[in-house]
Amino acid sequence: MKHNFGAGPGILPHEVLKQAAAAVIDFNGTGLSLLEISHRSPEFEAVLDEAVKLVKELFEVPAGYSVLFLQGGASTQFALAPYNLLPEGGKAAYLETGVWANKALKEAKFFGEVQVVATSKESNFTYIPKDYEIPADAAYFHITSNNTIYGTQLKQFPSSSPIPVVCDMSSDIFSRKVNVADFGLIYAGAQKNMGPAGVTLVIVKDDLLGKTGRKIPAMFNYQVQIEGGSMYNTPPCFAIYVSMLTLNWLKAKGGVEAIEKENDAKAKVLYEEIDRNPFFKAVAATEDRSHMNVCFVAANPEHEKPFLKLCDEKGIVGLKGHRSVGGFRASIYNALPITSVYVLIDAMQEFAEKNK
Ligand SMILES: *Cc1c(COP(=O)(O)O)cnc(C)c1O
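Residues numbered from 1 in each chain as written. Predicted model: local features only at pLDDT ≥ 70, side-chain atom pairs only at ≥ 80, totals over all residues. Heavy atoms only, no water.

Side note on unusual backbone geometry
At step 1: A cis amide bond links Gly8 with the next residue in sequence, Pro9, at an omega value of -10°.
At step 2: Relative to the helices and strands, Pro9 resides in the loop between strand E1 (3-4) and helix H1 (14-25).
At step 3: Phi is positive for Asn28, which is not a glycine, with a value near 50°.
At step 4: Given a relative accessible area of 60%, Asn28 falls into the exposed group.
At step 5: Within the chain, Phe174 stands out as a residue other than glycine whose phi angle is a positive 65°.
At step 6: As for its placement among the helices and strands, Phe174 is situated in the loop between strand E8 (165-168) and strand E9 (185-189).
At step 7: Looking at Phe174, the relative accessible area reads 1%, which means it is buried. (Helix = DSSP H or I, 4+ residues; strand = E, 2+ residues; numbered from the N terminus. Buried < 20%, exposed > 50% of the residue type's maximum accessible area, 1.4 Å probe, protein only.)

Right, dumping it as structure tokens:
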């Protein structure tokens, strides 16, 4: 068995993979593959309805918000957020906490003025800037809840922002409780913590739409997607199905509150080992450490390769850090069991013992 610490597409629960594999051959006893039935069939419509229902239930989405399953990944939402929310001649505010945040603000520049309220670029994004003001004259404030590449995470969301908050939650969606009412728009590519690549979750506050004064092509228009129930065109049926199964798995585990406890426990034991073991060093500022992507380096850079080799021998995969940070990144998403974290900790201790 492998211990999958890959950053994305990330680990999915084994039960979910088994159910998904079975549905590829025979979907719910229909005698057809899930891959070959109409998206307008009652069987598939039930899947989409169930997926939307689970999102609303697990995230306690209040009335007045719509849940969409779209295509194009989080990177498409970098453009669709300003396309749908930033009025002609208007301004949007961004918190720059990494490469993804930077890509998001670059897309917004196609639609209007962008104000970067704070950045941690000068330190290669090892911390989350906290000393800034949200400009009241901007259309929205965009943040990234978890910075997948750098292992930093916003521990507190702006709860009294004078303008709607837009959040890229790609790499920590459903990993912890959030108050959806604090946001105007939440989006997340599925492949980190919710399902397979190919579908993107969007939760949008309905009354923010239709105010830009610009014409928006149908596929890029949230209002059109809401009216079409995420089926303006053929949706990514398989990715939605597997996301639905994963959300069901999460519900059976006790929901977001229960998984948050597990995620906290996994992060705690792993950071404790990194802090204790003189062969390793954490990368992110202590108060901003991510509970999803744990970034660390070898105290002696020459130990990097041999440690990865030891991990490989133990079935630990996906541990190599992003090329812009180096070192190691242990992604400990919802589906990764704590037993895998202990295997990694054992490897770190064994490595220290062998090299002392
Ligand atoms: C992976 C990731 C993205 C990019 O997602 P795509 O679905 O590949 O476009 C954006 N933001 C964050 C925080 C990510 O982790």
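Concerning the sheet that holds E9
At step 1: Judged by pairing direction, the sheet is mixed, and its seven strands sit side by side in the order E2-E10-E9-E8-E5-E3-E4 without closing on themselves. Of all the strands in the sheet, just strand E2 (65-70) and strand E4 (113-119) have a single pairing partner and so form its edges. Shown here is a sheet whose adjacent strand axes are inclined to one another by a mean of 15°, direction ignored.
At step 2: Along the sheet face, helix H4 (residues 99-108) touches strand E3 (91-96), E4, strand E5 (141-144), E8 and E9 and points at about 165° away from the line of E3. (Pairing = 2+ DSSP bridges. Axes fitted to C-alpha atoms, helices over the stretch in contact; angles between N-to-C directions. Contact = heavy atoms within 4.5 Å.)

Notes on the UniProt feature "domain: Aminotransferase class V" (unreviewed entry) in the protein chain
At step 1: Feature annotation in UniProt places "domain: Aminotransferase class V" (unreviewed entry) on residues 4-335, given in this structure's numbering.
At step 2: Summarising residues 4-335: 32% helix, 17% strand, and an end-to-end C-alpha distance of 10 Å. (UniProt positions renumbered as here; feature names shortened; annotations may be inferred.)

Here's the deal with the sheet that holds strand E11 (residues 280-282)
At step 1: Taken in spatial order, the three strands line up as E11-E12-E14 in an open sheet, and their pairing is antiparallel. Taken across any chain shown, the strands that pair with only one partner, and hence form the sheet edges, are E11 and strand E14 (328-331). The sheet shows a mean angle of 35° between the axes of neighbouring strands, direction not considered.
At step 2: With three bridges connecting them, E11 and strand E12 (residues 293-298) associate as antiparallel partners. Within E12, the residue paired with Phe280 across the bridge is Ala298.

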